[in-house]
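# Architecture and fold: a report
Each chain, letter by letter, is given below.
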Amino acid sequence: MSEAKAWKQQMAMRSDDWSGFANRKSGRADHRKYMWLQQPPVHRVIVAQLVVSAVLALALLPLGITFTLSSLLGGLCCSLPNAYFVWRAFRYCGARSAKLIVSSFYRGEAGKLVLTTAGFILVFTLVEPLEPLALFGSFVAVQAVSWFAPVLVARRKTPVK
């Protein structure tokens, strides 16, 4: 079989996939067959950040309630603004929404910076006593969870049939 004929067969198979997608009445893609069309499950990163924040707070419990509360607040100062960013940035999808996607990413990042700053201002003004080492250590540790975002967001390579 020539290369051109093989390429035509392959393209015909792809067009069959698209026809099945376009003929769906619900407008929603079959999540197993069209996995590449779905939004990434970025909420897993936020859940992991909240879990790490809680684990750090519980790990510091033997040192006292000040360490525990400071650690928990540091984790929340990181994970809550990140949750806002994820909600804001991943609201839109599709090529037609490209401008909305870009603007929502910028707005989400700006909001995240404002919320992080406001969180630290509120913590330093309202919480007495405070342990800065636990607060910033927990903030950095929870922020480090973002380094593993590709692992947390990864999907299966082959669709389930």
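Residues numbered from 1 in each chain as written. Predicted model: local features only at pLDDT ≥ 70, side-chain atom pairs only at ≥ 80, totals over all residues. Heavy atoms only, no water.

### A closer look at the overall build of the chain
- The secondary structure content of the chain amounts to 6 helices and 0 strands.
- Secondary structure elements of the chain, listed N to C terminal, follow the sequence α-α-α-α-α-α.
- Relative to its 161 residues, the chain shows a buried fraction of 29%.
- Within the chain, contacts between residues separated by at least 24 positions form 66% of all contacts whose residues are at least 6 apart in sequence.
- Summed over its atoms, the accessible surface of the chain is roughly 11,300 Å², and 67% of this surface lies on carbon and sulfur atoms. (Helix = DSSP H or I, 4+ residues; strand = E, 2+ residues; numbered from the N terminus. Buried < 20%, exposed > 50% of the residue type's maximum accessible area, 1.4 Å probe, protein only. Contact = heavy atoms within 4.5 Å. Areas by Shrake-Rupley, 256 points an atom, 1.4 Å probe, with all protein chains shown as cover.)

### Some thoughts on the packing of aromatic side chains
- One pass over the full model with this rule turns up 7 aromatic pairs.
- Of the aromatic side chains, those joined through ring pairs into one cluster are Phe 120, Phe 124, Phe 136 and Phe 139.
- When the ring centre of Trp 87 is taken as origin, the NZ or CZ atom of Arg 91, which lies over that ring, is 5.1 Å away.
- The cationic tip of Lys 112 hangs over the ring face of Phe 85; the distance from NZ or CZ to the ring centre is 5.6 Å. (Phe/Tyr/Trp six-rings, centres within 6.5 Å; stacked < 30°, edge-to-face > 60°. Lys NZ or Arg CZ within 6 Å of the ring centre and 35° of its normal.)

### So, the side chain of Arg 88
- Residue placement: Arg 88 occurs in helix H3 (residues 65-89).
- One buried charged residue, Arg 88, remains without a salt bridge, the closest side chain of opposite sign being Glu 109 at 11 Å.
- Excluding residues within four positions of it along the chain, Arg 88 makes contact with Ser 104, Arg 107 and Gly 108. (Lys, Arg positive; Asp, Glu negative; His and termini not counted. Salt bridge = Lys/Arg side-chain N within 4 Å of Asp/Glu carboxyl O.)

### Quick word on the nonpolar core
- Membership of the largest hydrophobic core is limited to 10 residues, which are Leu 73, Cys 77, Cys 78, Phe 120, Val 123, Val 127, Leu 130, Leu 135, Phe 139 and Val 142.
- Put simply, the parts of the chain that give this core at least two residues each are H3, helix H4 (98-126) and helix H5 (132-144).
- Apart from the residues lying within four places of it in its own chain, the contact partners of Phe 139 are Gly 74, Gly 75, Cys 77, Cys 78, Thr 116 and Phe 120.
- Residues Val 45, Phe 85, Ala 89 and Ala 149 belong to the second largest nonpolar core, which totals 8 residues. (Core = buried A, V, L, I, M, F, W, Y, C linked by side-chain atoms within 4.5 Å.)

### Concerning the environment of Ala 118
- Mapped onto the elements, Ala 118 comes out in helix H4.
- Distance in space between the C-alpha atoms of Ala 118 and Cys 77 is 8.8 Å, their sequence separation being 41 residues.

### Some remarks on the packing of H3 against H4
- One can describe the packing of H3 onto H4 by two numbers: an axis separation of 8 Å at closest approach and a directional angle of 160°. Comparing the axis directions of H3 and H4 gives the class roughly antiparallel. In this structure, H3 crosses over H4, and the sense of that crossing is right-handed. Contacts between H3 and H4 pair Leu 73, Cys 77, Pro 81, Asn 82, Tyr 84, Phe 85, Arg 88 and Ala 89 from the former with Ser 104, Phe 105, Arg 107, Gly 108, Glu 109, Gly 111, Lys 112, Leu 115, Thr 116, Gly 119, Phe 120 and Val 123 from the latter.
- Classifying every residue of the contact of H3 with H4 by side-chain character gives 10 nonpolar, 6 polar and 4 charged. (Axes fitted to C-alpha atoms, helices over the stretch in contact; angles between N-to-C directions. Parallel < 35°, antiparallel > 145°, perpendicular 65-115°, else oblique. Left-handed = near helix turned anticlockwise from the far one by under 90°. Nonpolar A, V, L, I, M, F, W, Y, C, P; charged D, E, K, R; others polar.)

### Quick word on unusual backbone geometry
- Here the bond from Glu 128 into Pro 129 is cis, since omega is -15°, no more than 30 degrees from zero.
- Mapping Pro 129 onto the fold places it in the loop between H4 and H5.

### Describing the packing of helix H2 (residues 43-59) against H3
- Where H2 contacts H3, the two axes come as close as 8 Å, and the packing angle between them is 175°. If you check the angle between H2 and H3, you find them roughly antiparallel. Contact residues: H2 offers Ile 46, Gln 49, Leu 50, Ser 53, Leu 56 and Ala 57, while H3 offers Thr 68, Ser 71, Leu 72, Gly 75, Leu 76, Cys 78, Ser 79, Asn 82, Ala 83 and Val 86.
- Split into classes, the residues belonging to the contact of H2 with H3 amount to 9 nonpolar, 7 polar and no charged.

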